[in-house]
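Breakdown of the fold
Next come the chains, spelled out residue by residue.
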Amino acid sequence: MTDTFRDTLYTIDHSGRRKWVYPSLVRGRLYWPRFVVAYILMLVYLVMPWIKVAGQQAIFLNIVNRRFVFFGVEFWATDTFYLFLVLGGLAIALFFFTSLFGRLWCGWACPETVFLEFLFRPIERAIEGNSAQRLRLDQQPWNFTKIWKKLLKHGLCAFFAWILASTFLAYFIGAETLIQMMQGSPTDNLVPFSLTIIFMGLMGFQFGWFREQFCTVLCPYARFQSVLMDSNSLVVGYDSVRGEPRGKAKKGQSDQELGDCVDCGLCVRVCPTGIDIRNGMQLECINCTACIDACDSIMQKLGRPLGLIRYDTENGLNGERRRILRPRVFIYGFILIAFLTAFAFKLNNRVLSETQIIRGARDVPYSALANGQITNHLHLKISNKSKQLRHYSVSTSEPGISLLVPNSPYPVEPGLIVTTPLFVNFDKSKLNAGKLKIVIKISDDSGYSELREVTLLGPDE
Amino acid sequence: MNNSSTLSKFQYYKWPLAIVLFFICLAIFHSFLLMTAFSKHPDAVDQAPYEKGIAYQQVIDKIENAYVWGLKTEISISSADPDNQREVSVNILETKTPKLSIDKVTIRSFRANDSSLDQEKELNSVVGDYGNYRQILNLPKGLWIFEITIVTPQGEALVKKQKFLS
Ligand code: SF4
Ligand code: SF4
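Things to note about the confidence of the model for chain B
When pLDDT is averaged across chain B, the result is 85; 88% of the residues are at 70 or more. Across the interfaces of the predicted complex, the ipTM metric reaches 0.71, alongside a pTM of 0.75.

Take a look at the structure:
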């Protein structure tokens with residue numbers, strides 16, 4: 001065993017050139033569940049823009065109008081507290097699940113793994129053959145067969161990249177709008193059309209060329225692992241206690257002198273990141289479980305127990321006690337529950353009206369009326385986040401003060417933000433050093449009501 | 001099939017067609033760029049960029065060694081005999097102690113625009129005179145560049161000099 005794995009990426013040769021990985025395919029005990037999960041995830045991704053909940057696209061991230069719909073609940077750009085709860089909850093969920101299950105996400109659900117291993121690589125395999133055939137094809141000079149195979153592969157991959165890119169776009173501009181746009185000339189909707197091309201280009205770059213390098217050198221989540229995991233987190237690991245010394249029994253050597261690993265190298269040949277899991281835990285390992293299936297297939301043939309490479313914890317692999325419940329699991333779990341509870345509570349008590357009383361920067365502070373009263377010109381800003389027409393009224397309990405809005409109650413259509421003038425008339429004698437503090441109540445016909453303190457201005461005499 | 005239904009079907013193909021056209025244009029554009037690059041500047045397309053990069057790095061490391069070890073080098077060249085032979089004397093002065101043990105010193109001389117007289121030779125040490133090395137080289141008049149490589153057990157150092165010889 002050489003020690004180059006300690007300081008050299010597996011996919012880079014001595015001169016710095018990339019070593020292309022041609023992983024073999026082994027369909028084993030863990031391959032099929034991953035296959036099912038991957039296709040369910042792809043299906044969800046593809047159909048979600050077509051599903052409607054309460055008349056709206058189930059997930060609709062309308063950045064242009066700053067409205068974000070999740071299963072019938074619409075969030076506005078001003079709902080930053082929800083965003084904080086969601087992002088905070090996601091971050092803590094990441095900590096919690098990583099400390100328990102390690103890189104389960106990478107191997108089972110990350111789009112990089114799902115699309116590459118279950119969509120693009122199968123296309124490549126179907127056209128160019130198994131790993132040895134693919135290697136041979138890449139090494140042979142350009143001829144008719146190589147050209148048509150490469151053209152067909154890239155053409156098919158581009159077609160699927162188009163479907164995926166359009167679906168991605170549908171989350172942001174709406175599936176139906178996108179279909180309408182597609183029926184017109186691309187020049188009529190140049191931005192969405194260009195975005196489709198850009199996303200296709202990015203997918204072509206990622207799944208056609210960059211591939212495993214994204215996980216090994218770019219993905220920030222992979223970098224987090226070392227701090228989030230400990231020796232009791234779930235990993236895909238090689239049982240070196242059982243496996244070493246590796247090798248096939250030579251003449252005169254008994255099987256008992258050797259470990260269970262027969263050094264066939266299949267675990268390395270199936271690895272999509274090109275590493276040798278027998279060198280221990282490595283940052284490049286995305287826990288895809290391909291090496292588990294590969295090793296199990298060999299152990300089965302040899303009639304030895306399965307699981308020489310298996311899902312286990314570092315402690316488990318070293319023959320020490322496994323501890324699932326650790327302080328970090330409780331701490332992360334507790335914070336996660338707190339975030340989820342706060343989110344559920346906030347959502348349950350969500351107020352769908354938002355109001356503000358503001359003074360315009362260019363407005364005069366006050367004016368004197370013919371009857372000797374003072375008037376302040378304010379603005380009432382109303383956001384109706386509900387799906388019904390609502391009517392808003394303003395009132396004050398202060399005696400001698402009249403509030404004027406163009407309509408009372410003031411109607412606001414669903415999903416709109418409107419600003420209406422609000423005039424406050426009062427007697428000059430009420431002023432104290434040119435100021436008067438009053439409380440205005442704003443309410444709507446659905447039970448919303450809010451008190452706002454306003455400082456009125458007048459002459460300081 | 002009447003005209004209007006052909007048209008309405010075509011509507012659905014506009015984007016896919018435009019995408020295919022875009023990538024075909026991109027491929028043609030890149031092929032054109034590559035063809036131009038290969039036909040006009042074949043020297044600009046390097047066949048072994050990594051190997052060259054590593055070789056450059058080795059030169060940089062040697063120059064760095066000369067600086068780190070505090071090596072100062074003087075070169076003096078005698079006037080030419082009728083066959084353009086000149087005596088080249090290299091003096092290696094050290095600013096740091098302990099003195100380096102020098103295994104070998106080589107010199108490579110070349111001219112900017114003429115590779116016909118490129119030469120590389122080992123210099124002879126002068127017994128009893130640490131740091132003094134000599135050699136006879138064929139150096140016609142003109143601007144010469146000298147690369148002096150000093151080989152020590154710790155590695156190699158490289159010093160470059162330039163001289164106009166009349
Ligand atoms: S070492 Fe095993 S689990 Fe890790 S990436 Fe390679 S094949 Fe997948
Ligand atoms: S597949 Fe199993 S037996 Fe073969 S080299 Fe890998 S660990 Fe050893």
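Brief notes about the nonpolar core
All names here are of chain A. Core analysis: the largest hydrophobic core is formed by 37 residues, its most contacted members being Phe115, Leu119, Phe120 and Leu164. Other than its neighbours up to four places away in sequence, phenylalanine 115 contacts Met42, Tyr45, Phe120, Leu164 and Phe207. Counting residues in each nonpolar core, the second largest holds 31 residues, with Trp108, Tyr221, Cys288 and Ala294 among its members.

Topic: the environment of aspartate 263 of chain A
All names here are of chain A. For aspartate 263, the position within the fold is in the loop between helix 11 (240-243) and helix 12 (266-269). According to the relative accessible area criterion, aspartate 263 is partly exposed, its value standing at 36%. Here the alpha-carbon distance between aspartate 263 and leucine 389, two residues 126 residues apart in the chain, equals 72 Å. Aspartate 263 has contacts with Arg246, Gly247, Lys248 and Arg278, leaving out every residue within four places of it along the chain. Here arginine 278 takes part through its side chain, which lies 2.7 Å from a polar atom of the side chain of aspartate 263.

Observations concerning empty space enclosed by the protein
All names here are of chain A. Counted under the stated rule, the structure contains 4 cavities of 30 Å³ or more. Size it by volume and the largest cavity reaches roughly 170 Å³. If you trace the largest cavity, you find 16 residues lining it, with Leu25, Tyr31, Arg34, Glu117 and Ala290 closest to the centre. Put simply, the parts of the chain that give the lining of the largest cavity at least two residues each are helix 1 (31-47), helix 4 (111-128) and helix 13 (290-302).

So, the site of ligand 1
Close contacts around ligand 1 come from 13 residues, with Cys271, Cys285, Ile286, Cys288 and Cys291 of chain A the closest. Looking at the shell around ligand 1, its residues break down into 10 nonpolar, 3 polar and no charged.

Cut-offs used in this document
- Residues numbered from 1 in each chain as written.
- Chains lettered and ligands numbered in written order.
- Predicted model: local features only at pLDDT ≥ 70, side-chain atom pairs only at ≥ 80, totals over all residues.
- Heavy atoms only, no water.
- pLDDT = per-residue confidence, 0-100.
- Core = buried A, V, L, I, M, F, W, Y, C linked by side-chain atoms within 4.5 Å.
- Buried < 20%, exposed > 50% of the residue type's maximum accessible area, 1.4 Å probe, protein only.
- Contact = heavy atoms within 4.5 Å.
- Helix = DSSP H or I, 4+ residues; strand = E, 2+ residues; numbered from the N terminus.
- Polar contact = N/O pair within 3.5 Å; in protein donor to acceptor, adjacent residues only side chain to side chain.
- 1 Å grid on protein atoms, 1.4 Å probe; cavity = no way out; pocket = protein on both sides within 12 Å on 5 of 7 lines; lining within 4 Å.
- Points joined across faces, edges and corners; volume = space filled by probe spheres on them.
- Near = heavy atom within 4 Å.
- Nonpolar A, V, L, I, M, F, W, Y, C, P; charged D, E, K, R; others polar.

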